[in-house]
Amino acid sequence: MGRRKFTLHFLGLGALCLLGAMLLAATGIGFEKTYTNPVLVETVVIRRDKPDNFSGILGIGDPAVLFHDGTYYLYPTGDNRGYDVYVSRDLVKWQKGPRIFQSAERGVWAPDVFYNDMDGQFYLYYTVNGRIGVAAAGRPDGVFRDLGILIDNAIDAHMFRDDDGQYYLYYVQYPGFRIHVQPMASPVLKKDVPARIIQAADPWEQQQAALTEAPWMLKHRGVYYLLYSAGGADSQDYAIGYATADSPLGPFTKYAGNPIIKKGGGIFGPGHCSVTRAPDGELWMIYHQQKNSSRGWNRIICIDPLRFDDQGVLHGRATRGEKRKAPSAGSG
């Protein structure tokens, strides 16, 4: 083969390879996106007098995630004076957004944000000094206006609306750490009386401290799955389990295989999860781990998939530094 023919042949092969790579990139074929935990790490220095005294370094944790119009919004515990929002299209790469809520008091943590499509409003359920309040905004990254306290002696609120349009606010009695549910007439108005549904009784729920907290509700094939955390929030024994019921008011039966997310293999204190559904339908838990085995609040934000098997059992595992298939990205 002459030099000119060889050069043309080589250039032709190069062009074909380039075209093939461009087509693969455009379709995503052969380029599976991956992630490794943690996906978000940020620390703040805090000083908190009430409801318990703590001064030192805190890693953001207690993440609540909302998926809205193709974008994920993350609301974690931060500097204990208010909340910042973090924004992502894929649950992996996060950009810090604006301050969405500021309190005049210290002791602010464990938020939940609920979008009510009945009125187009976003509702923030905040904890401040052992009280749960509610605030509202017209957008997920807007400034939330305070509407007042809903429940005294309570933390870790989570709003759930059932398929029939009924609202239920899950929360934790504080002190006591027993999970309750409060039926709601609307996102801001209570009705009827609250019911106690979960409390620490099993050995894993009493490691380091007897507590159940961080409720999060899922519904699958007509069954209500209440995820919760237990085992000492500032310890490596913090873990996640769940209980099921035929009604959002219970009675709830704890899964015999609890905890489903726990320490081990370089994982410390995985807990306080929220759950979202990616555009492809897959469930993802967003949660925190302790950075190491030391006691304290040195937390990191992680994500991992959840799945239901054919018998309705919920499965998941915590990972760190392990390459896994990434969630499908939002659109629009």
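Preceding this paragraph is the structure being described.
Residues numbered from 1 in each chain as written. Predicted model: local features only at pLDDT ≥ 70, side-chain atom pairs only at ≥ 80, totals over all residues. Heavy atoms only, no water.

### Topic: the pairing of strand 5 (residues 71-77)
So, point 1. Of all seven residues that make up strand 5, seven are buried, and the element is covered over most of its length.
So, point 2. Here six bridges tie strand 4 (residues 61-68) to strand 5, and the two strands are oriented antiparallel to one another. Directly across from Ala-64, in strand 5, lies its bridge partner Tyr-75.
So, point 3. Counting the residues between successive antiparallel strands, the hairpin from strand 4 to strand 5 contains two residues, one of them, Asp-69, with a positive phi of roughly 50°.
So, point 4. In the sheet, strand 5 pairs with strand 6 (residues 82-88) via three bridges, with the strands oriented antiparallel. Opposite Tyr-72, over in strand 6, you have Ser-88 as the bridge partner.
So, point 5. Remark: four residues form the turn of the hairpin made by strand 5 and strand 6, two consecutive strands paired antiparallel; Asn-80 in that turn has positive phi of roughly 70°. (Buried < 20%, exposed > 50% of the residue type's maximum accessible area, 1.4 Å probe, protein only. Helix = DSSP H or I, 4+ residues; strand = E, 2+ residues; numbered from the N terminus. Pairing = 2+ DSSP bridges.)

### Considerations on the nonpolar core
In summary, soluble globular proteins display a tendency toward joint burial of nonpolar side chains.
So, point 1. Core analysis: the biggest nonpolar cluster contains 26 residues, and Tyr-170, Ile-179, Ile-197, Ile-198, Met-217, Leu-226 and Phe-252 have the highest contact counts within it.
So, point 2. Top element by residues in this core is strand 17 (residues 223-230). It accounts for four residues.
So, point 3. If we ignore the near neighbours within four places in the chain, the residues touching Ile-197 are Tyr-170, Ile-179, His-180, Val-181, Leu-226, Leu-249 and Phe-252.
So, point 4. Counting residues in hydrophobic clusters, the runner-up holds 21 residues, among them Trp-216, Ile-261, Met-285 and Phe-308. (Core = buried A, V, L, I, M, F, W, Y, C linked by side-chain atoms within 4.5 Å. Contact = heavy atoms within 4.5 Å.)

### Looking at the sheet that holds strand 11 (residues 145-152)
So, point 1. Reading across from one edge, 8-9-10-11 is the order of the four strands in this open sheet, with antiparallel pairing throughout. The sheet is open, and its two borders are formed by strand 8 (108-116) and strand 11, each paired with just one other strand. Taking each pair of neighbouring strands and ignoring which way they run, the sheet shows an average axis angle of 25°.
So, point 2. Both strand 8 and strand 9 (residues 121-128) contribute to a ladder of seven bridges, which runs antiparallel. Counterpart to Phe-114 in the pairing with strand 9 is Tyr-123. (Axes fitted to C-alpha atoms, helices over the stretch in contact; angles between N-to-C directions.)

### Quick notes on the side chain of Asp-90
So, point 1. Summarising the element assignment, Asp-90 is placed in the loop between strand 6 and strand 7 (95-102).
So, point 2. Salt bridges are absent for the buried Asp-90, whose nearest opposite-charge side chain, Lys-93, sits at 5.5 Å.
So, point 3. A polar atom in the side chain of Asp-90 sits 2.9 Å from the backbone nitrogen of Val-92.
So, point 4. In terms of polar contacts, Asp-90 uses its side chain to reach the backbone amide nitrogen of Lys-93, at 2.9 Å.
So, point 5. Setting aside anything within four residues of it in sequence, one finds Asp-90 in contact with Tyr-72, Pro-327 and Ala-329. (Lys, Arg positive; Asp, Glu negative; His and termini not counted. Salt bridge = Lys/Arg side-chain N within 4 Å of Asp/Glu carboxyl O. Polar contact = N/O pair within 3.5 Å; in protein donor to acceptor, adjacent residues only side chain to side chain.)

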